[in-house]
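The lines below spell out each chain.
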Amino acid sequence: MQFKIKYILVFCFLVGFGNLLFAQEMAVDSIAAEKQVVIEEQNNLKFQEHFFEALKQKAIKNYSKAIEILEKCYEIYPNNLTVEFEFSKNYLLLRKYNEAELFIEKALKKEPENYFLLAHKVELFKIQRNYTEAIKVQKQIDEINPKYSDELVLLYIQNKQLDEAEKLIAKIEKNALSSRRIKSFKTYIEARKKSTSKKTKQTTTNSNVASLENLKQEFEKKKGYQTLLKLLNKEVEVEEFN
């Protein structure tokens, strides 16, 4: 009987001790979790404080200072897309194109179809007058959302690809997506082509007139039959261009 009582007491002790240890472990885990939450909240507050200060510095055109503050944000949350986007914006405003491209590429790896990131990359290339690369990126935007096709038309015009611009305008009109801006681009292209055609015609006319005068002088000197034929043919050419 005594043995049973001892056994029961030992068993109760072990169970109680085990529960105590378990409770202690739970308490330690709970404290650690609470501590982690506090740290996370503090980091979040620091991040917001730095981030808004960076925006403030950018607003007053202190771009270098904004970058310094963004670096503090990046230390708290490495590879943060929003911070990378802001890095690229500030570097672009400082005309540091390599750095601007580096950070926008990092951001696009996370969200390759983000319109705002892609539009910023287009702007980066446009400022450098690298319209060929800008067109490549704008085509990506156009595939995602055709309503931005007018920007691609403009880039074609800026890159002197008027035929491509006309093809895209025809496609836009076919899909009933034309706008006042598209119509103005169409008018510009038509006027540009007429102007180019007129200049070419004028250059040819001037050349023909000069050649005609030379032939007249030659005919006055030599009165040759071959010179006369050349003279008559040239007069016809001049009349056709006029």
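Just so it is clear, the model here is predicted, and its values are computed rather than measured.

Participant: An account of the overall build of the chain is needed here, citing residue identities and associated values.
Facilitator: Broken down by element type, the chain carries 10 helices and 0 strands. Taken from the N to the C terminus, the helices and strands of the chain come in the order α-α-α-α-α-α-α-α-α-α. A total of 242 residues make up the chain; the buried ones form 28% of that total. Within the chain, contacts between residues separated by at least 24 positions form 45% of all contacts whose residues are at least 6 apart in sequence. Summed over its atoms, the accessible surface of the chain is roughly 16,900 Å², and 56% of this surface lies on carbon and sulfur atoms.

Participant: Now, about the pattern of salt bridges: what can you tell me, with residues and values included?
Facilitator: On inspection of all chains with the given rule, the structure shows 12 salt bridges. Residue Glu105 pairs with Lys121 through a salt bridge whose shortest N-O separation is 2.4 Å. Of this pair, Glu105 sits in helix H4 (residues 97-110) while Lys121 sits in helix H5 (residues 115-127), placing them 16 residues apart in sequence. In this structure, the salt-bridge partner of Glu173 is Lys186, at a minimum N-O distance of 3.3 Å. Of this pair, Glu173 sits in helix H8 (residues 162-174) while Lys186 sits in helix H9 (residues 180-222), and the two are 13 residues apart along the sequence. Assessed through its relative accessible area of 32%, Lys186 is described here as partly exposed. A network of salt bridges, in which partner residues are shared, links Lys58, Glu86 and Lys89.

Participant: I'd love a proper account of the nonpolar core, names of residues and values included.
Facilitator: The biggest cluster of nonpolar side chains holds 28 residues, and the ones touching the most others in it are Leu117, Val153, Ile157 and Phe185. Counting residues per element, the ones that place at least two in this core are helix H3 (81-93), H4, H5, helix H6 (131-144), helix H7 (149-158), H8 and H9. Considering each element in turn, this core owes the most residues, 6 residues, to H7. Residues within four places of Leu117 in sequence aside, it is in contact with Leu81, Phe85, Ile104, Ala107, Leu108 and Glu111. Residues Cys73, Ile76, Tyr91 and Ala100 belong to the second largest nonpolar core, which totals 16 residues.

Participant: Describe the packing of aromatic side chains, with residues and values.
Facilitator: Scanning the model with the defined rule gives 10 aromatic pairs in all. Measuring from ring centre to ring centre gives 5.1 Å for Phe47 and Tyr77, while their planes differ by 55°; the resulting arrangement is tilted. On the criterion of sequence distance, the pair formed by Phe47 in helix H1 (residues 2-59) and Tyr77 in the loop between helix H2 (63-76) and H3 is long-range, its members being 30 residues apart. Residue Tyr77 is classed as partly exposed on the basis of its relative accessible area of 21%.

How each quantity is defined
Residues numbered from 1 in each chain as written. Predicted model: local features only at pLDDT ≥ 70, side-chain atom pairs only at ≥ 80, totals over all residues. Heavy atoms only, no water. Helix = DSSP H or I, 4+ residues; strand = E, 2+ residues; numbered from the N terminus. Buried < 20%, exposed > 50% of the residue type's maximum accessible area, 1.4 Å probe, protein only. Contact = heavy atoms within 4.5 Å. Areas by Shrake-Rupley, 256 points an atom, 1.4 Å probe, with all protein chains shown as cover. Salt bridge = Lys/Arg side-chain N within 4 Å of Asp/Glu carboxyl O. Core = buried A, V, L, I, M, F, W, Y, C linked by side-chain atoms within 4.5 Å. Phe/Tyr/Trp six-rings, centres within 6.5 Å; stacked < 30°, edge-to-face > 60°.

These values are about where atoms sit, not about what they do.
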